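What follows is each chain in one-letter form.
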There are 2 protein chains.
Amino acid sequence: MKTNAVFYHAGCPVCVDVERNLAQALDPARFDVEIVHLGNDRARLGEAEKAGVKSVPALVAGGAVYHINFGAPLAALRG
Amino acid sequence: MKTNAVFYHAGCPVCVDVERNLAQALDPARFDVEIVHLGNDRARLGEAEKAGVKSVPALVAGGAVYHINFGAPLAALRG
């Protein structure tokens, strides 16, 4: 069974690089990766926060949060 | 052609989790991942530093450094 993973980002250059080189590099045989742009889809900020996301880019997989490099704090995305 | 990636860690709990859930989750069709324990293999500290690694765990792939969560600063590994 595949693991669902969610990659949260905000379109920043750091985010784009991590999306291309890590989030989309996960083994497609093992992971279904959903890409969520929190700048465009603010309705999902609460869900990201609840999962433990503090900044973007971040990957949530198997209940764990992986903050990869640093683009922006989540607070900066609340309009 | 596969991309060579090096995952640097130091055996810490954060490192072990990231190794299992991210470093070993990369698509094996696209990546050759080498795992380096900098606590046991201090001869490679210089190489890691030169690649831009500041803390472990970190993944170096395609010339870029990805610091994933935070286990320990590189300086703490110099004996």
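Now for a description of the structure that goes with this document.

Rules behind the numbers
- Residues numbered from 1 in each chain as written.
- Chains lettered and ligands numbered in written order.
- Predicted model: local features only at pLDDT ≥ 70, side-chain atom pairs only at ≥ 80, totals over all residues.
- Heavy atoms only, no water.
- Contact = heavy atoms within 4.5 Å.
- Buried area = accessible area lost by both parts, 1.4 Å probe.
- Salt bridge = Lys/Arg side-chain N within 4 Å of Asp/Glu carboxyl O.
- Polar contact = N/O pair within 3.5 Å; in protein donor to acceptor, adjacent residues only side chain to side chain.
- Helix = DSSP H or I, 4+ residues; strand = E, 2+ residues; numbered from the N terminus.
- Nonpolar A, V, L, I, M, F, W, Y, C, P; charged D, E, K, R; others polar.
- Least-squares fit on C-alpha atoms with pLDDT ≥ 70 in both.

1. Observations concerning the interface of chain A and chain B
Each partner contributes residues to the interface: chain A has 17 residues there, and chain B has 17 residues. Both faces considered, chain A and chain B share a buried interface measuring about 1,400 Å² in area, 54% of it formed by carbon and sulfur atoms. Our enumeration of links across chain A and chain B arrives at zero salt bridges. For the interface between chain A and chain B, the tally reads 12 residue pairs in polar contact (both at pLDDT 80 or more). Put simply, the parts of the chain that give the side of chain A that touches chain B at least two residues each are helix H1 (13-21) and strand E4 (64-73) of chain A. No other element matches E4 of chain A, which puts five residues into the side of chain A that touches chain B. Taken together, the residues of the side of chain A that touches chain B break down into 10 nonpolar, four polar and three charged.

2. Some words on the relation of the copies chain A and chain B
For the pair chain A and chain B, the relating rotation is 180 degrees, the translation along its axis is 0.0 Å, and the fit reaches an RMSD of 0.0 Å. Both chain copies can therefore be described as sitting about a two-fold axis. For chain A, the smallest separation between a C-alpha atom and the rotation axis is recorded for Asp-27 of chain A, amounting to 1.8 Å.

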